[in-house]
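# A look at the structure
As a plain string of letters, each chain reads:
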Amino acid sequence: MTSWSDRLRREGHLISFVPTMGFLHEGHLSLMKEGKRLGDKLVISIFVNPTQFGPGEDFDTYPSDLEKDFKLARDIGVDVIFTPNKADFYPQGFDTFINQEKLPNHLCGLARAGHFQGVMTIVTKLFNVVNPDIAVFGEKDFQQLAIIRRMVKDLNFNIRIIGHPTVRESDGLAMSSRNSKLTPDQRITALSLISSLKKAQNSLKNKENSATALIGNAVEFICSHPDTEIDYIKICDPDTLDDVAEIDRPVVMAMAVKVGTTRLIDNVILNPDQS
Ligand code: PAF
């Protein structure tokens, strides 16, 4: 992988990279299209990274369909599909991890101890091996994107990080590989995430700018749906992820909700200037 990148870079190509855990959907494909638009060679990786899953999480049941992934990636025009194997990437005795002090102590990081350490470690390893000029990440994983931007800055990676807007199903559900685990009833319930976020945007338009009020409404709305368990609903600063009390500038409203046993996340920007 690395010698391919080195050769292509010497030849003057600009290499884009989209890391994934596979089971590709339209969301991934739109990251890839953005990668192709920005660079002239596109690498994707498919690797279900064990170090970002905690005990009791869905590592063993994470959906996978490599044959379909390969076809979708080829149809988009991906130049390299990099599929490291676990034993190569985490050999016996592996003992080095990347950490960050502040951003992981918010949102998903609170319920998923060690998750972002695993993400930063694998992304660093992938960056080192793939050696891209540009890497594209989805804004659906808002905290992940903020953490990777910080890491790239702090560790002097010479890689341009691009955030790409969340791709949604026609009814608004944010695309996720985990959506495939929802039963038809849960799939309907899952719409309560984006509906509650849109309600918050509408309330802001009607001059409700108290975070407590907007979060309270969202909690009430989501809990009125069966089979839901809220992990968090937060309104926070997009850079520091610290909670904000009053929406007087663009902020992010982010949530994680379990629908049945499937944990879903979503977020939108709340911008008082657009209301
Ligand atoms: O967003 C994901 O799919 C994963 O967290 C990533 C970035 C591929 C690292 O395993």
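Residues numbered from 1 in each chain as written. Predicted model: local features only at pLDDT ≥ 70, side-chain atom pairs only at ≥ 80, totals over all residues. Heavy atoms only, no water.

Now for the packing of aromatic side chains. Between two aromatic rings, the relevant description is the distance of the centres plus the angle of the planes. Under the definition given, this model contains 10 aromatic pairs. Taking the centre distance of 6.2 Å and the plane angle of 70° together, the rings of F82 and F89 count as edge-to-face. On the basis of relative accessibility, which here comes to 14%, the residue F82 falls in the buried class. Grouped by ring-pair contacts, the aromatic residues F47, F82, F89, Y90, F94 and F97 constitute a single cluster. Against the face of F89 rests K125, its NZ or CZ located 4.7 Å from the ring centre. Looking at K125, its charged tip hangs above the ring of Y90, at a distance of 5.6 Å from the centre. (Phe/Tyr/Trp six-rings, centres within 6.5 Å; stacked < 30°, edge-to-face > 60°. Buried < 20%, exposed > 50% of the residue type's maximum accessible area, 1.4 Å probe, protein only. Lys NZ or Arg CZ within 6 Å of the ring centre and 35° of its normal.)

The next point concerns the side chain of N271. Examined against the element boundaries, N271 turns out to sit in the segment after β8 (262–270). Contacts of N271, omitting those with residues within four sequence positions, involve L204 and P250. (Helix = DSSP H or I, 4+ residues; strand = E, 2+ residues; numbered from the N terminus. Contact = heavy atoms within 4.5 Å.)

Moving on, we get to the site of the ligand. Near the ligand, the surroundings consist of P19, T20, M21, N49, Q52, I122, F137 and Q144. Residue Q144 places a side-chain N or O atom 2.7 Å away from an oxygen atom belonging to the ligand. Taking 290 Å² as the accessible area of the ligand by itself, protein coverage stands at 88%. Tallied by class, the residues present in the shell around the ligand amount to four nonpolar, four polar and no charged. (Near = heavy atom within 4 Å. Polar contact = N/O pair within 3.5 Å; in protein donor to acceptor, adjacent residues only side chain to side chain. Areas by Shrake-Rupley, 256 points an atom, 1.4 Å probe, with all protein chains shown as cover. Nonpolar A, V, L, I, M, F, W, Y, C, P; charged D, E, K, R; others polar.)

Purely geometric stuff here, so don't read any function into it on its own.
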